[in-house]
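# Coordinates in review
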Amino acid sequence: MKTYSIRLAAVAAACALPALLGPSPARAQNLTGAGATFPYPIYSKWFDVYHEKTGIQINYQSIGSGAGIQQVKAGTVDFGASDAALSNERLKEMPRRVLHFPTVGGAVALAYNLPGFNGTLKLTPELVTAIYMGTITTWNDKQIAAANAGATMPAAPILPIHRSDGSGTTNIFTTYLSLVNPQWKELVGANTSVSWPAGVGGKGNEGVAGLVRQTPGGIGYVELAYAKQNQLPVAQVRNKAGNFVQPSLASTTAAVDAAAAALAKDVRAPIANSIAPQAYPICGLTYLLVYQDQKDPARARALANFIDWAIHDGQALAEGLDYARLPESVVKVNEANLHKLTAGGKPLMAAE
Amino acid sequence: MSRRFALAAPVPGPLARGSRPARAGWLPRADDLYHALLASLAGLVFAVVALILFETARGAAPSISAFGWKFLTSTAWDPVAERFGALPYLYGTVVSSALALALALPLGLGTAIFLAELAPPRLGNAVAFLVELLASIPSIVYGIWGVFVLAPWLRTALEPWLIAHLGFLPLFQGFPFGIGMINAGIVLAVMVSPTLISLSREILLSLPRSLRESALALGATRAESIGVMIDAARPGLLGAAILGLGRALGETMAVTMVIGNTNRISASLLAPGATMASVIANEFTEATGTLYLSALIEIALVLFALTVVVNALARLLVYAATGSRRDIAGAA
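Position numbers for residues start from 1 in each chain and track the written sequence from start to end. Whichever chain is written first is A, and whichever ligand is written first is 1; the rest continue in order. Reporting in this predicted model follows two pLDDT cut-offs: at least 70 for local features of residues, and 80 or more for side-chain atom pairs to be given and counted; totals over whole chains, interfaces and linings ignore these cut-offs and use all residues.

This brings us to the overall build of chain A. Here a helix means four or more residues in a row that DSSP labels H or I, a strand means two or more in a row labelled E, and each is numbered from the N terminus. Secondary structure summary: chain A contains 15 helices and 14 strands in total. The reference for a compact globule is 2.2 Å times residues^0.38; the radius of gyration itself is calculated from the C-alpha atoms. The C-alpha radius of gyration of chain A comes to 21 Å, within 12% of the 20 Å expected for a compact globule of 352 residues. Across its three principal axes, chain A shows a C-alpha extent of roughly 65 × 40 × 35 Å. Any residue whose C-beta has 12 or fewer other C-beta atoms within 10 Å is treated as exposed, any with 20 or more as buried, and any in between as partly exposed, C-beta atoms being built from the backbone. When the 352 residues of chain A are sorted by exposure, 51% land in the buried category. Across chain A, every contact between residues at least 6 apart in sequence was considered, and the portion connecting residues at least 24 apart equals 73%. Two residues qualify as being in contact provided that their C-beta atoms, derived from the backbone, are within 7 Å of each other.

Have a look at this one:
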C-alpha cells in the first residue's frame, strides 16, 4: 500500500515535472532520490548547482536514512542516501547488488549550556559515555573537573539531550560511543535510534539545539554545521592520540584522510575515533546507495554523470558547508565503482 | 419539556418506514435512491475504519507473532537488539492525557458555565469566538510555546516550588528541567480546553429555557438553578470531556516537542516520558528492519484499541448517567 502510493507519487512527479517546466533543454532526465537528512544541506546545494549547469533536475526527499534504504529496496528511487553503511546482512536483503558511494564526511559536535562557565569544555571519551549513561549527573563531578583543570565547574545537574527521532547523526554518535566503550556497545549499541539509558530527546537538530539553549546544564549532540550556524558553544573531545580537539572542518578532514587506506579497501570502514593526532573523533561518512545494474540506460547515465560530478567538482562546495571532502584514494574507489555500473547488463561508462 | 415527550416515541405516519405504498413499476423511487446513497456514505465510514484496522493489523503481524501479549507489558524498546515493548508509551499516553483532562476540566467547565449562564450574551459570543480561534492554532505552535515559554517558567518557578513543598511525594521528585510529563500535561490541557469550552457551552445553551425558569420559579437561587442545568447537561458534558480526551490521546507534534521522549517509566511528573503517538512520529522515518517497523505499527494498533476502549467506556458512562434520557445524551 505504502510502496504503491509512493511509486505512484514518484511516477506522477516524473510525469508532471517536464510538463510543468515546458520543453527542457536536451531532453534532460529527472532523477529522484530519498534518504539521509544529515547531508541534506550539501545535497540540496549540489542539486541546485547541478541543475543550473546541466538542466537535470534531482528531486531529493530528506526522509531519513532508514526510509531512504526502504525506498531503494522497493526500487522507487534512482538513488538512496544513508549515513549508515549497509551491513553485509542488509546488503543481502536487497533484491540486487547495491554499491556505496561515499560523498562527504561530517562531524557531530557536543553543544552545551553552562552559565557561569567560561572557556571551552573538555571531555574525554569516558566522560561522554558516562554523561549519556547517566552515571555522572552533575557538572562539578570530580572526573569532569579533572579533565577541565583550572576551570570552576558549576554545581548544576547535567541533562544529556539526544535525538528523539531516528537519525544518521545518532548513528555516528552511538557508533563512536560503541567504539570507545565496550559497556556501551554491549548495553546500548549503535543505530539510528537506540534505547537511551538517560536524558531527554529532542526532535531534529533544531529540537536538540533548542533544548540545549533552553536548559542550563544541558548538553546535546548536533551536526557540526548546525552548531556553527547557530553559534552554540561546543566541547573539545579527547581523541585516541590523547589530544583535546575542537570539532571543525580541519579536524574532520584529518579523520577522513587518516582512514583513507582502510576506505580504499572498503568504503564502509568507520572513520570515527581516528588515530591521527589532529583528528576529531566523532565523525562519519555519508553515502549514496545505487543499484549496480540499472534498468533505464538514459536515467542511469544521468545518475552516473551526477555522481561523477559530485565526487570531483562538487567536493569544492562541501567545505563551505562544513562537510569534509573525500580524500583522493576514496575518489578513486568511487571512480572504479562508477565504471562497474551497468544498465541491463551493459557497462554505462565504458566510452569514457 | 413537552417537546421531548413528543419526540421520544416515533409516531407512525405516512413518512414512517414500512408503511409506504408498493412500488409503481420497476423504476426505483427517488426516496429509495436517496436512502441507498446516504446508506452507502454511512457505510463508507465503517469501511474506512475496517480498512485501517486491517492494514494496521497486517503491518503489525510480524511484531505480534514475535512478542505476543508481552508487547503490552514489556518496557524494553531497543532497536539495536530488536526487542520492543509498548508499556512506557502506553503509560505516557494515559498519564499525560489524564493530567491534561484533570487540568482542563475545571477550566473548561467553569468558562463554559460562565459563558452560557452568567455572561451578557454579547460578551459570551465574543469569548466563544476567541475560544474557537484557539482551537484552530496548529499544534506545532503550542509545542513551540511549550518549549520556549512554558518550559523556562516550569524550570524556574513551578517545578522548584513543587520539589520544595511537595517533594515528599514521588510525583514531584527529581530535577527541575522544565521538559517532561508535567509540561506535556499543561500543553495538552491548553489544547483540549477550546474543545471542552465550546462544546460545553453549546450543550448548556441547547437546554430548554423552561428548565431554568422552572428551577427559579420553584425558588432556587441562581447557583442552584445552574446546578440544575449542569445536572441536566451531565451526559453531554461527559461527552465533551471524552472528545477532549480523544484529542489529548492522539496529539502528536506538541507532545513530542515537550515530553522529553524517553522510554523510561517514572513515577515523577517532572521526569521525561513518551507517548504512543510521539514515538511513532519520532521513529517511523528512520525505522530500519522489518521487526522495528512492525513494532511501530503495532503501537498504532494499540493506540487504536485504546481509543476504542476509551470511547466505549464513555458511552457506558453516558448510558449509566442518563438511563433513558437519550435526547440530551445525543449531544455526545
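Having seen the structure, we can now continue with the description.
It is worth spelling out the pairing of strand S6 (residues 159-163) of chain A at this point. Look at any regular strand and the pattern is simple: side chains alternate between the two faces of the sheet. All names here are of chain A. Judged by how many residues are buried, S6 sits mostly within the fold: five of five residues are covered. By the bridge criterion, three bridges tie S6 to strand S8 (residues 218-223) in an arrangement that is parallel. Bridge pairing in S8 places Leu-159 opposite Gly-218. Taken together, the three bridges between S6 and strand S7 (residues 200-202) define a ladder with parallel strand orientation. Bridged to His-162 within S7 is Gly-201. Should DSSP find at least two bridges between two strands, the strands are taken to pair.

Moving on, we come to the packing of helix H5 (residues 121-135) of chain B against helix H7 (residues 181-206) of chain B. Residues and elements named next belong to chain B. Working convention: axes come from line fits to C-alpha atoms, limited for helices to the stretch in contact. Angles between N-to-C directions cover 0 to 180 degrees. One can describe the packing of H5 onto H7 by two numbers: an axis separation of 8 Å at closest approach and a directional angle of 140°. With respect to their mutual orientation, H5 and H7 come out oblique. The element H5 and its partner H7 pack so that their crossing is left-handed. Touching Ala-128, Val-131, Glu-132, Leu-134 and Ala-135 of H5 are Pro-194, Thr-195, Ile-197, Ser-198 and Arg-201, all from H7. Here the nonpolar group is Ala, Val, Leu, Ile, Met, Phe, Trp, Tyr, Cys and Pro; Asp, Glu, Lys and Arg are the charged ones; every other residue, Gly included, is treated as polar. Tallied by class, residues from the contact of H5 with H7 come to six nonpolar, two polar and two charged. Note on angle classes: values under 35 degrees are labelled roughly parallel, values over 145 roughly antiparallel, values of 65 to 115 roughly perpendicular, and the remainder oblique. Left-handed describes a crossing whose near helix is turned anticlockwise from the far helix through less than a right angle; right-handed describes the clockwise counterpart.

This brings us to the interface of chain B and chain A. Listed per partner, the contact involves 26 residues of chain B and 30 residues of chain A. Put simply, the parts of the chain that give the side of chain B that touches chain A at least two residues each are strand S1 (77-78), helix H6 (139-166), helix H10 (253-258) and helix H11 (276-283) of chain B. In terms of residue count, H6(B) provides more of the side of chain B that touches chain A than any other element does, four residues in total. Residues of the side of chain B that touches chain A, tallied by class, amount to 13 nonpolar, nine polar and four charged.

Okay, the sheet that holds strand S10 (residues 244-245) of chain A next. All names here are of chain A. Strand order in this open sheet of three strands is S5-S9-S10, and the pairing throughout is mixed. In this open sheet, the two strands that pair with only one neighbour each are strand S5 (122-123) and S10. In the sheet, strand S9 (residues 236-238) pairs with S10 via two bridges, with the strands oriented antiparallel. Bridged to Arg-238 within S10 is Phe-244.

To continue, consider the sheet that holds strand S12 (residues 293-294) of chain A. An order of S12-S13-S14 (chain A) is seen for the three strands of this open sheet, with the pairing classed as mixed. This sheet does not close on itself; its edge strands, each paired only once, are S12 and strand S14 (346-347) of chain A.

Before going further, it helps to spend a moment on unusual backbone geometry. Generally, phi is negative for residues other than glycine and the peptide bonds are trans, each holding for most cases. At A:Gln231, a residue that is not glycine, the phi angle is positive and equals roughly 50°. With respect to the element layout, A:Gln231 can be found in the loop between helix H10 (224-229) and S9.

Here we take up the environment of A:Asn118. All names here are of chain A. By the secondary structure assignment, Asn-118 is in the loop between strand S4 (98-112) and S5. Under the C-beta neighbour-count criterion, Asn-118 is labelled exposed, with 7 such atoms within 10 Å. As for Asn-118 and Leu-179, which are separated by 61 residues in sequence, their C-alpha atoms are 30 Å apart.

We now examine the nonpolar core. The term nonpolar core refers to a group of buried residues, namely Ala, Val, Leu, Ile, Met, Phe, Trp, Tyr and Cys, whose C-beta atoms join them within 7 Å. In terms of nonpolar packing, the biggest core is built from 178 residues, with A:Ala109, A:Leu110, A:Ile282, B:Val187 and B:Val258 touching the most fellow members. The element that contributes the greatest number of residues to this core is H7(B), accounting for 15 residues.

Another aspect to go through is H6(B). An α-helical segment advances 3.6 residues per turn. Residues three or four places apart therefore align on the same side. To estimate the expected span of a helix, subtract one from its residue number and multiply by 1.5 Å. With 28 residues, H6(B) ought to run about 40 Å at 1.5 Å a step, yet its terminal C-alpha atoms sit only 31 Å apart, falling short of that. Axes are fitted to the seven residues ending at a residue and to the seven starting at it; the angle between these axes is taken as the bend at that residue. Along H6(B), the sharpest change in direction is near 50° and occurs at B:Leu154. Among the residues making up H6(B), those that are buried are B:Tyr142, B:Gly143, B:Gly146, B:Val147, B:Leu150, B:Ala151, B:Leu154, B:Arg155, B:Glu159 and B:Leu162. The elements touched by buried residues of H6(B) are helix H9 (204-214) of chain A together with H7 and H10 of chain B.

For the rest of this paragraph, the subject is the pairing of S8(A). All names here are of chain A. Counting buried residues in S8 gives six out of six residues, a clear majority hidden from the surface. Strand direction decides the pairing type here: S4 and S8, joined by five bridges, are antiparallel. Each residue of the ladder has a partner; that of Ala-111, found in S8, is Gly-220.

In this section: helix H13 (residues 297-311) of chain A. Residue and element names in this part refer to chain A. Its 15 residues place the ends of H13 21 Å apart at the C-alpha level, agreeing with the 21 Å of an ideal helix rising 1.5 Å per residue. Where H13 is concerned, the buried positions are Ala-300, Leu-303, Ala-304, Phe-306, Ile-307, Ala-310 and Ile-311. Buried residues along H13 cover an arc of 160° about the axis, so they all sit on one side. The directions from the helix axis to the C-beta atoms are what the arc is built from.

The subject of this paragraph is the packing of H13(A) against helix H15 (residues 328-340) of chain A. Residues and elements named next belong to chain A. Two numbers describe how H13 lies on H15: the axes approach to 10 Å, and their chain directions differ by 170°. The angle between H13 and H15 places the two elements in the roughly antiparallel class. Where H13 approaches H15, its residues Ala-304, Ile-307, Asp-308 and Ile-311 are matched on the opposing element by Val-331, Asn-334 and Leu-338. A per-class count over the contact of H13 with H15 returns five nonpolar, one polar and one charged.

Residues and elements named next belong to chain B. The predictor's confidence in any single residue is recorded as pLDDT, a number from 0 to 100. Looking at chain B, pLDDT values average 85 and 89% of them are 70 or higher. Every residue in residues 1-16 scores below 50 in pLDDT, and together they form six contacts with partners more than four places removed in sequence or on other chains. Considering only residues more than four positions removed or in separate chains, one finds that residues 326-332, a stretch of pLDDT under 50, has 19 contacts. Among the prediction metrics, the complex's ipTM stands at 0.74, with pTM recorded as 0.79.

The next point concerns the confidence of the model for chain A. The predicted coordinates ought not to be read in detail in places where the model reports low pLDDT. All names here are of chain A. Considering every residue of chain A, the mean pLDDT works out to 86; 91% of them sit at 70 or more. Note that pLDDT drops below 50 for residues 1-6; the model gives that stretch four contacts with residues more than four away or on any other chain. When the criterion is pLDDT under 50, residues 8-26 qualifies, and its contacts beyond four places in sequence or with other chains add up to 11 contacts.

Residues and elements named next belong to chain B. Position of Val-318 relative to the elements: it lies in helix H12 (residues 290-322). Owing to 22 C-beta atoms within 10 Å, Val-318 belongs among the buried residues under this scheme. As a C-alpha pair, Val-318 and Gly-236 span 82 residues in sequence and 8.0 Å in three-dimensional space.

On to the environment of B:Ser268. Residues and elements named next belong to chain B. Along the chain, Ser-268 turns up in the loop between H10 and H11. In this structure Ser-268 comes out as buried when scored by C-beta crowding, with 20 C-beta atoms within 10 Å. With 233 residues separating them in the primary sequence, Ser-268 and His-35 have C-alpha atoms 55 Å apart. Aside from chain neighbours lying at most four places away, what touches Ser-268 is Pro-170, Leu-171, Phe-172, Gln-173 and Gly-174.

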